[in-house]
Amino acid sequence: MSNNNNEFNDSELRFQEERKKKVESFKLHIDESVLDRPYEPEKEHHKRRPSPKKAETPLSDSQELNSFSGGKTRAEVEKDIKKADRRQQKEAKKREKRKAKKNKRIFTMIWLIMVIMAGVILSRFILTGLNDMLAISRPEANEVTIKITREDNLEDIVDILYKNGIIKEPGFFKFYANMKNADKYMERGTFQLKTNMDYEAIINYLESPYNNEKSVSVQITEGMSVVEIAKKLEKAGVTTDKQDFLDMCNSDEFDDDYEFIKELGKASSNGRYYKLEGYLYPDTYTFYEDEDPSLTVSRMLSNFATKNVNTLSTAEGYDKKVSVEDRALDTGYTFDQIMTIASLIQAEAANTKDMYNVSSVIHNRLDAGNASDYAKLDLDSTIYYPYRDKNSVPSSMGGKKFKSTYDTYKIVGLPKGPICNPSSEAIEAAINPNDTDYYFFCHDVNTGEAYYATNMDEHQYNLMISGNT
């Protein structure tokens, strides 16, 4: 029994040595962990143990490689590797699922906390806002004077109201004002409000120009042009920027309110310097400090409509009361042409009596036709319009080199529109001129006395005796 064991051990030893030699002799492309596993002898290995004679015979590389790594051993190794990879992938997926589930729980908790916090903040905002909107949190009725300028936007107005204690929740007031589109209608100026007014009362108060504390009385005299009116309004504080007023006088904003303005056409294409020139009725007005230019213009246009369009009066040759507009149309000229003639009369005549003779000169020249020697009106008042004279032309407009498109020494017939805002007397003279043969007129440079002539020779003489040469 001991001999058998010794024989088995010797065989096993030789097999191990043979195996070691093979490993050292060849580079095997297999996992080294296979080689490191302890040898487990089996009966099958013992039975197939190569004889010493065969071991002495050298084998080819491929034979020895296949004898060790081929067949079942190599397939098992590859199978084990794939199984290990699959197990690793499964474990990784499980870890990712556990991690995602944990992150979802954390995100849900954070989201719930944020919703609760937002609800608390929103509830507080609404509650305090409603109290302020209804003036519940402002029981004291103190009077506060504030000033809102043309440059102030809604945020500025809200800030002014907040700093003066008129509101306590500026964010909620701004939200409320935006909902009502209040900024579009709020007036600018000086207002006196009470600190216990609710939001609706505050907005309504600021939207009414008649609540403006600072009123300004301004007299617009006959013959003033749009440019001259703008300067006077700026000086009186009615507007902080005269250009705002000038822009309004050249807009189409009032077309839907006044048919006689709509008939003038679009400001961008009618060739006029200022669309509303001639229709700002001369009068004494009560304006408000820094008021909206559209309100200022609207007052003047409304006054014009009342005096010349809507008011009916008796006139010679009419069986019933008629408006100035209707009488103007009966002359054969458009209403705007009569207003243009009236503005020329206003600018050229020395007094009311003189207006009717100056009107006759203009009408006579217009009636003579474009082919006559009198086709051009040759009126000094048109040379530098929209400015009074060459000294009034801004340097930005070319100064003394300025060329007006209204210059009646250059153009035939009437200019594109009025050159000033005429009085009722000038309009009357334009409608009903004296019946004369005059084609020329001039005025004494010292006394203002008027001289009229029917031809050029008479006119030259008049120029000499009046001091105009």
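Here, the structure is the one placed above.
First, a word on what this report is: a plain description of the structure on this page.

## Structural notes on the packing of helix α15 (residues 335–348) against helix α16 (residues 352–368)
Move 1: For the pair α15 and α16, the least separation of the axes is 9 Å and the interaxial angle reads 130 degrees. In terms of orientation, α15 lies oblique with respect to α16. Crossing of α15 against α16: the hand is right-handed. Facing α15, whose interface residues are Ile341, Leu344, Ile345, Gln346 and Glu348, α16 presents Asp354, Met355, Val358, Ser359, Ile362, His363 and Leu366.
Move 2: When the residues that make up the contact of α15 with α16 are grouped by side-chain class, the tally is 7 nonpolar, 3 polar and 2 charged.

## Quick notes on the pattern of salt bridges
Side chains bearing opposite charge may pair, as long as their charged atoms lie close to each other.
Move 1: Going through the model one piece at a time under the given rule, you end up with 14 salt bridges.
Move 2: Across the salt bridge formed by Glu234 and Lys242, the nearest N and O atoms sit 3.9 Å from each other.
Move 3: Across the pair Glu291 and Arg299 runs a salt bridge, and its minimum N-O distance is 3.5 Å. In this pair, the class of Glu291 matches that of Arg299, namely buried.

## Regarding a negative patch on the surface
Move 1: A contiguous patch of negative charge, built from Glu151, Asp241, Asp244 and Asp247, is present on the exposed surface.
Move 2: With respect to the helices and strands, the residue Asp244 is situated in helix α11 (residues 242–248).
Move 3: Take Asp244: its relative accessible area is 32%, and that puts it in the partly exposed class.

## Describing the environment of Lys376
Move 1: Of note, Lys376 is situated in the loop between α16 and α17 (424–431).
Move 2: Sequence separation of Lys376 and Tyr409 is 33 residues, and the distance between their C-alpha atoms is 6.1 Å.
Move 3: With residues up to four places along the chain from it excluded, the contact list for Lys376 reads Arg365, Thr408, Tyr409, Lys410, Ile411 and Val412.

How each quantity is defined
- Residues numbered from 1 in each chain as written.
- Predicted model: local features only at pLDDT ≥ 70, side-chain atom pairs only at ≥ 80, totals over all residues.
- Heavy atoms only, no water.
- Axes fitted to C-alpha atoms, helices over the stretch in contact; angles between N-to-C directions.
- Helix = DSSP H or I, 4+ residues; strand = E, 2+ residues; numbered from the N terminus.
- Parallel < 35°, antiparallel > 145°, perpendicular 65-115°, else oblique.
- Left-handed = near helix turned anticlockwise from the far one by under 90°.
- Contact = heavy atoms within 4.5 Å.
- Nonpolar A, V, L, I, M, F, W, Y, C, P; charged D, E, K, R; others polar.
- Salt bridge = Lys/Arg side-chain N within 4 Å of Asp/Glu carboxyl O.
- Buried < 20%, exposed > 50% of the residue type's maximum accessible area, 1.4 Å probe, protein only.
- Patch = residues over 30% accessible without salt bridge, like charges linked within 9 Å, V, L, I, M, F, W, Y side chains within 5 Å.
- Areas by Shrake-Rupley, 256 points an atom, 1.4 Å probe, with all protein chains shown as cover.
- Lys, Arg positive; Asp, Glu negative; His and termini not counted.
- Charge placed at Lys NZ, Arg CZ, Asp CG, Glu CD.

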